[in-house]
Amino acid sequence: MRQAPELVGTLLAHARVRAPPPEDVAVLERLLQETLASAHTRWSGDALPPELFMRHLAERLPEASPESPLSPLLGQLALEELYLACACVHGVAGATEAFEQHYLSKLPGLLAYLKHPPALMDDVCQVTRVKLLVRMPEEEPRIKDYTGRGALLSWVRVTAIRVSIKLSAADKPAPEEDVGAVLDALPAPGSNAELELIRQSHQAEFQRAVREAFSTLSPDERHLLRLYCFDRLSTTELGALLRVNQSTVSRWLKSARQTVYSETRRLLRERLGLSTQGFESFLAVLGSQLDVSISQLFGDGGGPPRG
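Everything quoted here is computed from the prediction, not taken from an experiment.

Counting secondary structure elements, the protein chain contains 17 helices and zero strands. A burial count over the protein chain gives 43% of its 307 residues as buried. Counting only contacts in the protein chain whose residues sit at least 6 apart along the sequence, the fraction spanning at least 24 positions is 73%. Put simply, the protein chain shows about 15,300 Å² of open surface, and 52% of that area lies on carbon and sulfur atoms.

Structure (structure tokens):
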């Protein structure tokens, strides 16, 4: 442990508050030392370097005037839980395991009132884990956003509820008019009057075909497309979630999209009775919009995320 007054000095170097009077420095130093020792004992694992925690803590002090005393500001924070969050951000050994044991493992019980099917509850917990703990190329893990003002478990629960809302919405069939809106937005076929007539006349057939084609996918494939098209997870995030590399996720996505396209093509060809040339041109137009159409099945107005 650092000896007085190093912890207070490090904290003040990064905080916008006035230095405490000399008689309070020793008290604050002792508080910070005890916090470090207690948090290390509580969460086990390797010790978080004190300098990292002091910087992390300084950045999350409640807003106050530069003349505000330091002790009341520290008193507003859940210091030991902030320690764990900081340890997770910096990848300290044992921190992620402690977070999963003491917080993520409690989510099924905390969210039981939502009465989710087991598969959906598992999805909610796993997506929450990725968002909070996994570092992406251009994004820090969301656990970094925890400010310590309030219980960490409550903060994690709110994050999981937001994930749950999105995934629950993805399970609900989109209204027919949503897919129709996508079809209306398809590029006009120019001067080809036959294709324009096809586009206007067969929207309902296309909607049904896409839905039926999507239903032929395996549960894992539907789950993958839902996370990619609706929850907008990138292939990097999906790889972390599914514990495979990014190229494997890309291959799975390509296969699932091809299955939907091929089955949609087969169903339409059976039902529309178009000329060969007209049918091929029609599918060329629709094929370019397949990802958007899948997104609309989940009620999402946007396109897929970047890989």
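Turning our eyes to something else, we now look at helix 2 (residues 22–43). With 22 residues, helix 2 should cover 32 Å at 1.5 Å per step; its first-to-last C-alpha distance of 32 Å lies within 8% of that length. Of all the positions in helix 2, only Leu28, Glu29, Leu32, Thr35, Leu36, Ala39 and Trp43 are classed as buried. Down the axis of helix 2, the buried set is contained in an arc of 125°. They therefore lie on one face. Facing away from the buried side of helix 2 by over 90 degrees, the exposed positions are Glu23 and Thr41. Where helix 2 ends, the next residue or the one after it, Ser44, has phi of about 55°, a positive value.

According to the stated counting rule, one finds zero disulfides in the structure shown. In this model Cys88 remains outside any disulfide bridge; the closest cysteine sulfur is found in Cys86, 9.3 Å from its own.

We now examine the nonpolar core. In terms of nonpolar packing, the biggest core is built from 69 residues, with Phe53, Leu57, Leu74, Leu84 and Phe99 touching the most fellow members. Excluding anything up to four places from it in sequence, Leu84 contacts Trp43, Ala95, Ala98, Phe99, Tyr103 and Leu152. Counting residues in each nonpolar core, the second largest holds six residues, with Ala209, Val210, Leu268 and Leu272 among its members.

Position of Leu61 among the secondary structure elements: in the loop between helix 3 (50–59) and helix 4 (70–75). Residue classification places Leu61 among the buried positions, given a relative accessible area of 9%. The spacing of Leu61 and Gly148 is 87 residues in sequence and 8.7 Å in space, taken between C-alpha atoms. Here Leu61 is in contact with Ala15, Leu70, Leu73, Leu74, Leu77 and Arg149, once residues within four sequence places are set aside.

A separate point is the packing of helix 8 (residues 118–133) against helix 14 (residues 235–242). The interhelical angle for the contact between helix 8 and helix 14, taken along N-to-C directions, is 120°, at an axis separation of 10 Å. As judged from the angle between their axes, helix 8 and helix 14 are oblique. As for how helix 8 packs across helix 14, the hand of that crossing is right-handed. Across the interface between the two elements, Gln126, Val127 and Val130 from helix 8 touch Glu237, Ala240 and Leu241 from helix 14. Within the contact of helix 8 with helix 14, the residues separate by chemical class into four nonpolar, one polar and one charged.

So, on to the side chain of Thr35. Note that Thr35 resides in helix 2. Setting aside anything within four residues of it in sequence, one finds Thr35 in contact with Phe53, Leu79 and Glu80.

Aromatic ring pairs: the centre-centre distance and the angle between the two ring planes describe each pair. Using the criterion set out here, one finds four aromatic pairs in the structure. Centre to centre, the rings of Phe99 and Tyr103 are 5.5 Å apart; their planes meet at 25°, and the pair counts as stacked. There is no split in this pair, since Phe99 and Tyr103 are both buried. With 5.6 Å between their ring centres and 55° between their planes, Tyr146 and Trp155 make a pair best called tilted. A relative accessible area of 23% means that Trp155 is categorised as partly exposed. Here the aromatic cluster, defined as three or more aromatic residues joined through ring pairs, consists of Trp43, Phe99 and Tyr103.

Both trends apply: most residues other than glycine have a negative phi, and most peptide bonds are in trans. Here the phi dihedral of Ser44 falls at roughly 55°; this positive angle occurs in a residue that is not glycine. As for its placement among the helices and strands, Ser44 is situated in the loop between helix 2 and helix 3. In this structure, Lys115 is a non-glycine residue whose phi angle is positive, near 55°. By the secondary structure assignment, Lys115 is in the loop between helix 7 (107–110) and helix 8.

This paragraph deals with the pattern of salt bridges. Under the counting rule described, the total for this entry stands at six salt bridges. When the shortest N-O distance is used, the salt bridge between Arg129 and Glu100 registers 2.3 Å. Of the two residues, Arg129 sits in helix 8 while Glu100 sits in helix 6 (residues 95–102), which places them 29 residues apart along the sequence. The partly exposed category is assigned to Arg129, whose relative accessible area is 23%. For Glu100, a relative accessible area of 25% puts it in the partly exposed group. Between Arg135 and Glu140 there is a salt bridge whose closest N-O contact spans 2.3 Å. Its relative accessible area of 45% is what places Arg135 among the partly exposed residues. When its relative accessible area of 36% is taken as the criterion, Glu140 is described as partly exposed. Counted as one network, the salt bridges with shared partners bring together Arg135, Glu140 and Lys144.

How each quantity is defined
- Residues numbered from 1 in each chain as written.
- Predicted model: local features only at pLDDT ≥ 70, side-chain atom pairs only at ≥ 80, totals over all residues.
- Heavy atoms only, no water.
- Helix = DSSP H or I, 4+ residues; strand = E, 2+ residues; numbered from the N terminus.
- Buried < 20%, exposed > 50% of the residue type's maximum accessible area, 1.4 Å probe, protein only.
- Contact = heavy atoms within 4.5 Å.
- Areas by Shrake-Rupley, 256 points an atom, 1.4 Å probe, with all protein chains shown as cover.
- Expected span 1.5 Å × (residues − 1).
- Arc of directions from axis to C-beta.
- Disulfide = S-S within 2.5 Å.
- Core = buried A, V, L, I, M, F, W, Y, C linked by side-chain atoms within 4.5 Å.
- Axes fitted to C-alpha atoms, helices over the stretch in contact; angles between N-to-C directions.
- Parallel < 35°, antiparallel > 145°, perpendicular 65-115°, else oblique.
- Left-handed = near helix turned anticlockwise from the far one by under 90°.
- Nonpolar A, V, L, I, M, F, W, Y, C, P; charged D, E, K, R; others polar.
- Phe/Tyr/Trp six-rings, centres within 6.5 Å; stacked < 30°, edge-to-face > 60°.
- Salt bridge = Lys/Arg side-chain N within 4 Å of Asp/Glu carboxyl O.

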